[in-house]
Amino acid sequence: MSRNFIAFAGFAAFLGATAPAAFAAEKVTFMTNWLAQPEHGGYYQALADGSYATCGLDVTLLQGGPQVSGRPLLLAGKIDFYMGGNMLQAFDAVQQNIPLRIVAAGFQKEPQVLMSHPGQGLDTWEDLPKAEQYIIGDEGAQSYFQWMVAEYGFDPARRVPYTFNPASFIANPKSIQQGYITSEPYAVEKAGGFKPNVFLLADYGFSTYATTVEAMQKTIDERPEVVQCFVDGSAKGWYNYLYGDNEAANDMIKKDNPDITDEQIAFSIRQMKDYGIVDSGDTEKLGIGAMTDAHIEDFYARMVKAKVVPAGLDIKKAYTLQFVNKGVGLELRK
């Protein structure tokens, strides 16, 4: 686990409350689910520009990684907020009767993609099931790949494990490979010398929210003003990161993850903006972090049809709209 970053201590009342002039900032901890990267940029930005401090929070940002399991820390009350992956994990929590809820959606679209070699008869989404190999990791094989099989006729027998190295994909022009829109296309272009075709699963029906902010129901019940401040501060951070001066946030990211380069950061930010990962659809009116019942119900129905999740879950227990859809930060969009 890497070094922490702590927001500047602010002195302000929580939202909706009156307080004395000198009000000590509330300490909270947010843990990401991977090494520091531009996909976490809005949270680093909120530290750098004081968006959390302004509404009364002193935020510690903990970096996740391959050897770090953050959700157990959330369940144990050791951290206040955790960066989830997508809605499937929240549905699983409902199934296990875990009182965890998503309070905001950092990403409107999951950045999961499939890539193919150009000019190999795999240039459209409809072509992809014909690939000789589908290079997809175990986690993907149990989630979005099941949807691909059910919805589009991909052949389970052609799936081979992804080892998080693009060498096999680069070597086989008739293969397709999973990736993140912000990462693997860049790696393939660098290592393979060509720009792969890129297909964002969200654009073909894998409609989950992603990079969610998770909190325990206890936190929501006992500290709603803290949750609101964190959600609002994060939204403002994302606007400022995408559309404003993000140099200080990127310096924080590079300090926390020294292996990341300026070129990779620039690529990731451009991809997030071009593909509407953070700011698109409902966020245009409701603000970054937006969620709707209809969107979540649609995704759940698709996953039930693909037999990824069981029917009959009370999915309203997976999330709350209490803290989002208020248009916070819309004035910062440029």
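Residues numbered from 1 in each chain as written. Predicted model: local features only at pLDDT ≥ 70, side-chain atom pairs only at ≥ 80, totals over all residues. Heavy atoms only, no water.

K.L.:
How do you make sense of the sheet that holds strand β8 (residues 159-160) when you look at a structure like this?
P.N.:
Strand pairs in the sheet, formed through backbone hydrogen bonds, run parallel or antiparallel to each other. Read across the sheet, 5 strands follow the order β8-β7-β9-β6-β10 without closing on themselves; strand pairing throughout is mixed. Single-partner strands in this sheet number two, and they are β8 and β10 (197-200). Note: strand β7 (residues 133-135) against β8, 2 bridges, orientation parallel. Pairing of Y134 across the sheet is with R159, part of β8. Along the sheet face, helix α8 (residues 184-192) touches β6 (112-116), β9 (175-180) and β10 and points at about 125° away from the line of β9. (Pairing = 2+ DSSP bridges. Helix = DSSP H or I, 4+ residues; strand = E, 2+ residues; numbered from the N terminus. Contact = heavy atoms within 4.5 Å. Axes fitted to C-alpha atoms, helices over the stretch in contact; angles between N-to-C directions.)

K.L.:
Teacher, can you tell me more about the packing of aromatic side chains here?
P.N.:
What characterises a pair of aromatic rings is the spacing of the ring centres plus the angle enclosed by the ring planes. According to the stated counting rule, one finds 26 aromatic pairs in the structure shown. On the basis of an interplanar angle of 10° and a centroid distance of 4.4 Å, the ring pair of W125 and Y204 is categorised as stacked. Taken as a pair, W125 in the loop between β6 and β7 and Y204 in the loop between β10 and β11 (210-216) lie far apart in primary sequence, 79 residues in all. Measuring from centroid to centroid gives 6.4 Å for F169 and F194, while their planes differ by 45°, and the two rings are tilted. Of this pair, F169 sits in helix α7 (residues 167-171) while F194 sits in the loop between α8 and β10; the two residues are 25 residues apart in sequence, bridging distant segments of the chain. (Phe/Tyr/Trp six-rings, centres within 6.5 Å; stacked < 30°, edge-to-face > 60°.)

K.L.:
Looking at this structure, I do not really get the nonpolar core. What am I missing?
P.N.:
A general tendency of soluble globular proteins is for nonpolar side chains to be buried together. Core analysis: the largest hydrophobic core is formed by 89 residues, its most contacted members being F81, F91, L114, M148, F154, F230 and W238. No other element matches helix α10 (residues 224-243), which puts 11 residues into this core. Excluding residues within four positions of it along the chain, M148 makes contact with L114, I136, G153, F154 and L201. Of all hydrophobic cores here, the second largest spans 8 residues; its members include M31, L62, Y82 and L100. (Core = buried A, V, L, I, M, F, W, Y, C linked by side-chain atoms within 4.5 Å. Buried < 20%, exposed > 50% of the residue type's maximum accessible area, 1.4 Å probe, protein only.)

K.L.:
Is there a simple way to explain the side chain of D127 in this structure?
P.N.:
Secondary-structure assignment places D127 in the loop between β6 and β7. For D127, a relative accessible area of 16% gives the class buried. Aside from chain neighbours lying at most four places away, what touches D127 is G121 and L122.

K.L.:
Would you mind showing me how to read the environment of I315 here?
P.N.:
Position of I315 among the secondary structure elements: in the segment after α14 (293-305). Classification of I315 by relative accessible area gives buried; the value is 8%. Once residues within four sequence positions are removed from consideration, I315 is found in contact with F91, I296, E297 and Y300.

K.L.:
I would appreciate a short explanation of the layout of surface pockets in the present structure.
P.N.:
By volume, the second largest pocket amounts to about 170 Å³. Those elements giving two or more residues to the lining of the second largest pocket turn out to be α8 and α12 (262-274). Looking at side-chain class alone, the lining of the second largest pocket contains 6 nonpolar, 1 polar and 3 charged residues. (1 Å grid on protein atoms, 1.4 Å probe; cavity = no way out; pocket = protein on both sides within 12 Å on 5 of 7 lines; lining within 4 Å. Points joined across faces, edges and corners; volume = space filled by probe spheres on them. Nonpolar A, V, L, I, M, F, W, Y, C, P; charged D, E, K, R; others polar.)

K.L.:
Honestly, the pairing of strand β5 (residues 100-107) in this entry has me stumped. Any pointers?
P.N.:
On a regular strand, each side chain points to the face opposite its neighbour's, so the side chains alternate between the two faces of the sheet. Taking burial as the measure, the 8 residues of β5 include 7 buried ones, the bulk of the element. Pairing analysis gives 6 bridges linking β5 to β11, with the strands arranged antiparallel. Bridging from a neighbouring strand, L100 pairs with M216 of β11.

The values reported here are purely geometric and, on their own, carry no functional implication.
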